[in-house]
Amino acid sequence: MKKFVQIAFLLIGGALGLVFLPPLYELLHLSSNPWLDNPYVSVALGALLLFTLSFAFSDYFVRLISWMEEVLFKVPVGDLLFGTLGLIIGLIVAYFLGFAIDSIDLPNFTKVLPIILSFVLGYLGFRVGFKKRDELIQLFTLRGNNTKKKLPEGVEPQEVRGSYKLLDTSVIIDGRIADISETGFIEGILVVPQFVLTELQHIADSSDTLKRTRGRRGLDILKKLQDERMTKVEITEEDFEDVQEVDLKLVRLAKKKGNDTQIVTNDFNLNKVCELHQVKVLNINDLANAVKPVVIPGENMQVMVIKDGKEHNQGVAYLDDGTMIVVEGGRSYIGQAITVTVTSVLQTSAGRMIFAKPKDD
C-alpha cells in the first residue's frame with residue numbers, strides 16, 4: 001500500500017506540474033527559458049516534487065486508507081450501494097446547476113458555488129441513499145412482488161405496508177409466529193436482524209440436545225415464513241458493534257427504523273425493556289391470552305381433576321389451552337371428570353386462573 005501511495009503521488013505530481021507550473025513561470029518571468037517552459041520538464045518537476053514529499057507523508061496516507069477500509073468493510077453492501085447511487089445523483093444535480101450558475105453574471109461566485117454545491121449535494125445524496133435503503137428497495141420491488149409472485153387461485157396479494165416487525169430469537173423458536181402470520185393478523189414487513197440469525201445459529205450448533213433442537217426448529221420456522229408468507233420477510237445486516245446484548249440491539253434497531261417499527265416477542269423481560277425505551281412491542285403471549293375462551297362466573301364446565309392444590313381440600317384441573325382451574329373442595333375428585341361451576345376468574349400477567357367448585361355443592 002505504501003508503494004501504491006508513492007506511485008499515486010508521482011502521477012498526481014506530474015499532472016499538477018503540467019497545469020500549475022507554466023502560469024508560475026509567467027508570474028516569475030521565466031517563461032522565456034525554453035528549458036523550463038516545456039511540458040515534459042513541468043511534468044517531471046511536479047512528479048519529482050510530490051514523489052519526494054510522499055516519503056514524508058506516505059505513512060499518514062497508509063493509515064488513513066487502512067482506517068477507511070476498516071470502516072467500509074463493516075458497512076453492509078446494500079447501504080454502501082445505495083449511498084453511492086445517492087452520491088452520484090447528487091453530483092449530477094450539482095453539475096447541471098453549475099450550468100445555470102455560469103449563465104449568471106457573478107464573477108466572484110461562479111467558480112466557487114459549483115464546488116460548494118458538489119460537496120453539499122453529494123453528501124446529501126449519499127446520506128439519503130444510505131438512510132433510506134429499505135424504503136427504496138420496497139419502492140422498487142413492490143410492483144414486481146405483486147405481479148410475479150404466484151398465489152393460489154382467487155387469492156389477492158396483500159399490500160406491502162411501511163411498518164416493520166422485528167422478530168427476536170424467542171418468538172422465532174416458539175414457532176407460533178408462522179401460524180399467526182399465515183392467518184394474516186400480522187401485517188407489514190417481517191425483519192430478521194443478522195445478529196438474531198447469528199444467535200439462532202449458535203443455538204442450533206449447541207452441544208446441548210435440547211438447545212440444538214430448538215435452534216433448528218427456529219431455522220425451519222424462518223424458512224417456512226419466507227416460503228409461505230405473501231408479504232416480504234427481510235434479513236437486515238444492520239448491527240451495533242458497541243452493544244453485546246441482542247435485546248438492546250433490537251431496541252436500538254427499532255428506534256432507528258422509526259415509530260412504525262414494532263418488536264415481536266414472547267420474552268417478558270424484553271417486553272418491559274421496550275416499554276422503558278418507549279418502543280412498540282407485540283407480545284405473542286398477550287395475544288394468546290386475549291383469544292382464550294371467555295369464562296364467566298356461574299358457567300358450568302366439564303373438567304378432569306388431576307392433582308391437589310396448594311390450599312386445603314383444593315383440586316387442580318386444566319383447560320385444553322393450559323388455563324389452570326382451581327376447584328374448591330375438589331381434592332376428593334382427583335382422577336375423576338366432574339362438572340364444576342365457575343365462581344371467579346383472575347387475570348394475571350402470567351395468564352388467567354379460574355376458580356370453581358363442584359356443581360353438586
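The rules behind the values
- Residues numbered from 1 in each chain as written.
- Predicted model: local features only at pLDDT ≥ 70, side-chain atom pairs only at ≥ 80, totals over all residues.
- Heavy atoms only, no water.
- Helix = DSSP H or I, 4+ residues; strand = E, 2+ residues; numbered from the N terminus.
- Buried < 20%, exposed > 50% of the residue type's maximum accessible area, 1.4 Å probe, protein only.
- Contact = heavy atoms within 4.5 Å.
- Areas by Shrake-Rupley, 256 points an atom, 1.4 Å probe, with all protein chains shown as cover.
- Expected span 1.5 Å × (residues − 1).
- Arc of directions from axis to C-beta.
- Salt bridge = Lys/Arg side-chain N within 4 Å of Asp/Glu carboxyl O.
- Pairing = 2+ DSSP bridges.
- Axes fitted to C-alpha atoms, helices over the stretch in contact; angles between N-to-C directions.

A. Here's a closer look at the overall build of the protein chain. Along the protein chain, the regular secondary structure elements total 12 helices and 11 strands. For the protein chain, the proportion of its 361 residues judged to be buried stands at 32%. Intrachain contacts of the protein chain at a sequence separation of at least 6 include 63% that bridge at least 24 residues. Of the roughly 23,300 Å² of accessible surface on the protein chain, a fraction of 61% belongs to carbon and sulfur atoms.

B. Just helix H4 (residues 113-131), in detail. With 19 residues, H4 extends 27 Å from end C-alpha to end C-alpha; this agrees with the ideal 27 Å at 1.5 Å per step. Restricting attention to buried positions, one finds in H4 the residues Gly122, Gly125 and Gly129. End-on, the buried residues of H4 take up no more than an arc of 70°, which puts them together on one face. Across H4 from its buried face, at more than 90 degrees, point the exposed residues Phe119, Tyr123 and Val128.

C. Unusual backbone geometry, seen in detail. Its identity as a non-glycine residue notwithstanding, Gln278 has a phi of 60°, on the positive side. Along the chain, Gln278 falls in the loop between helix H11 (268-276) and strand E5 (280-283). In this structure, Asn313 takes a positive phi of about 65° despite not being glycine. Looking at where Asn313 falls in the secondary structure, it is placed in the loop between strand E7 (307-308) and strand E8 (314-318). In this structure Asn313 comes out as partly exposed when scored by relative accessible area, which is 33%.

D. Geometry of the pattern of salt bridges. All chains considered together, the criterion is met by 8 salt bridges. Here Arg176 and Asp174 are joined by a salt bridge, their closest N and O atoms 2.7 Å apart. Between Lys224 and Asp179 there is a salt bridge, with the nearest N and O atoms lying 3.7 Å from each other. Residue Lys224 is found in helix H9 (residues 209-228), and its partner Asp179 is found in helix H7 (residues 176-183); the two are separated by 45 residues along the sequence. With relative accessibility at 30%, the residue Lys224 sits in the partly exposed group. Three or more residues joined by partner-sharing salt bridges are found here, namely Glu238, Lys256 and Lys257.

E. Inspection of the sheet that holds E5 at higher detail. The strand order across the open sheet formed by 5 strands is E3-E2-E1-E4-E5, and the pairing between neighbours is parallel. Every interior strand has two partners, whereas the edge strands, strand E3 (233-236) and E5, have only one. Taken over all neighbouring pairs, the strand axes of this sheet differ in orientation by 30° on average, direction set aside. Alignment of strand E1 (residues 164-167) against strand E4 (residues 262-265), held across 3 bridges, turns out to be parallel. Bridge assignment links Leu167 to a residue of E4, and that residue is Val264.

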